[in-house]
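Residue strings, one per chain:
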Amino acid sequence: MNDLFLRACRREPVERTPVWIMRQAGRYLPEYRAVRERVGFTTLYRTPELATEVTLQPIDRFGMDAAILFSDILVPAEAMGFDVVFNPGPVIDAPLRSSSDVRRMRVSDPEEEVPFVFEAVQQLSRELADRVPLIGFAGAPFTLAAYLIEGRGTKNFDWTKRLLFAEPQLAHDILDRVTQVTERYVAAQVRAGAQAIQLFDSWAGLLDPALYREFALRYARRVFQATRSLNVPLIYFALNSAHLHEALAGCGADVVGADWRVPLDEVSRRLGGRFALQGNLDPCVLFAEPAKIESCVRATLEQARDLPGHVFNLGHGVLPQTPVEHVAAMVEAVRRHSR
Ligand code: CP3
């Protein structure tokens, strides 16, 4: 198996820098759009054969060094009894606003409630056996809770922040339940065959460092501590977190994902040099000419030269309008310049 990704995560020597990109199975790929013409997004992630097919698309096309399960961070919300629809972003019809709402949240067993996730992981690990590792994932508790409270993605997540200030105990009750389900959810993915776990904390950046430690970091850390004994690399990606880097050093993961706002060598210094880093090309670089993409890739590799480990990635998900040939050019540039 190509285990460059796992070795870089573990800060072991590698012959070249491994590369994958967030949202690598998505609408920028013509073969993904072809599947989506036949079925909706929900059917796609609920059907293990289809989820497997689209997960493999970017591996087949670009030779990415890791696969990531095709699913969504809102799937565990279904396991907790919420109705989620995608339009195209997630919408929850009865979000959490009061303590009686919180009593509706079920701390259930994801293997019973959303079995299709683990069936997809099993099928994928069979089909990937000799190729590349499979990354399982979940939303970090704060980010999932923010969707449950807000009901949809919003600019500032005001309902969520209002709850943190006005009813902190209620917020902790919500986060505690989300954390318990998330712990079970990622453990079940590892038992089904996932070889690494990434937590996405996409909305953590809305918090100042003190609030972040109390409501986001603490719960992400709990998931990592509960998962530690399963012996797979743990990755924490908090978007927009430059103001949180000092706090983030206590996250309990092996690898920290960085967005494009701060160069990787600087991120590493702020984190105390202990972590492998994943990132961090601005997804918009992929709209430039291939020669420019190549020079930006080189600059990123240069900034990562002295890190204990580096997994090349974008600083956030690839955008749907991205030209596919530009993704190929990026992957090629990483291969050529990181040997
Ligand atoms: O990375 C991958 O290829 C794996 C699959 C994956 C998806 N969503 C598929 C998806 C992963 C890891 C996610 C994570 C996710 N989902 C996050 C964290 C990462 C981030 O972007 O910050 C968040 C916040 C969500 C919530 C979500 N789901 C949003 C905001 C959207 C709409 C955004 C958009 O691109 O339109 C979704 C829908 C979604 N999840 C799509 C995909 C491929 C688009 C569905 C479609 O119409 O085909």
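Use the structure listed above.
## Here we look at helix 16 (residues 324–337)
Then step 1. Compared with the 20 Å implied by 1.5 Å per residue over 14 residues, the 20 Å span of helix 16 between its first and last C-alpha is a close match.
Then step 2. Of the residues making up helix 16, those classed as buried are Val 324, His 326, Val 327, Met 330, Val 331, Ala 333, Val 334 and Arg 335.
Then step 3. Looking at the buried residues of helix 16, the elements they touch are helix 2 (30–38), helix 4 (48–62), strand 8 (276–281), helix 15 (290–303) and strand 9 (310–314).

## Regarding unusual backbone geometry
Then step 1. Of note, the amide linkage connecting Asn 87 to Pro 88 takes the cis form, showing an omega dihedral of -20 degrees.
Then step 2. Looking along the chain, the bond that leaves Gly 279 and enters Asn 280 is cis, with omega of -5 degrees.
Then step 3. When you line up the elements, Asn 280 lands in strand 8.
Then step 4. One non-glycine residue, Arg 23, lies in the positive phi region at around 65 degrees.
Then step 5. Considering the arrangement of structural elements, one finds Arg 23 in the loop between helix 1 (4–9) and helix 2.

## Remarks on the packing of aromatic side chains
Then step 1. What the rule picks out here adds up to 14 aromatic pairs.
Then step 2. With 6.1 Å between their ring centres and 40 degrees between their planes, Tyr 45 and Phe 116 make a pair best called tilted. On the criterion of sequence distance, the pair formed by Tyr 45 in helix 3 (residues 41–46) and Phe 116 in helix 8 (residues 115–128) is long-range, its members being 71 residues apart.
Then step 3. Owing to a relative accessible area of 2%, Tyr 45 belongs among the buried residues under this scheme.
Then step 4. Between Phe 137 and Phe 200, the ring centres sit 5.6 Å apart and the planes meet at 90 degrees, which makes this aromatic pair edge-to-face. Here Phe 137, found in strand 4 (residues 134–139), pairs with Phe 200, found in strand 5 (residues 196–201); they are 63 residues apart in sequence, far enough to count as distant. Each of the two residues, Phe 137 as well as Phe 200, counts as buried.
Then step 5. Through pairs of rings, three or more aromatic residues link up here, namely Tyr 32, Phe 41, Tyr 45, Phe 70, Phe 86 and Phe 116.
Then step 6. Of note, Arg 97 hangs over the ring of Trp 159, and the distance from its end group to the ring centre comes to 3.9 Å.

Calculation notes
- Residues numbered from 1 in each chain as written.
- Predicted model: local features only at pLDDT ≥ 70, side-chain atom pairs only at ≥ 80, totals over all residues.
- Heavy atoms only, no water.
- Helix = DSSP H or I, 4+ residues; strand = E, 2+ residues; numbered from the N terminus.
- Expected span 1.5 Å × (residues − 1).
- Buried < 20%, exposed > 50% of the residue type's maximum accessible area, 1.4 Å probe, protein only.
- Contact = heavy atoms within 4.5 Å.
- Phe/Tyr/Trp six-rings, centres within 6.5 Å; stacked < 30°, edge-to-face > 60°.
- Lys NZ or Arg CZ within 6 Å of the ring centre and 35° of its normal.

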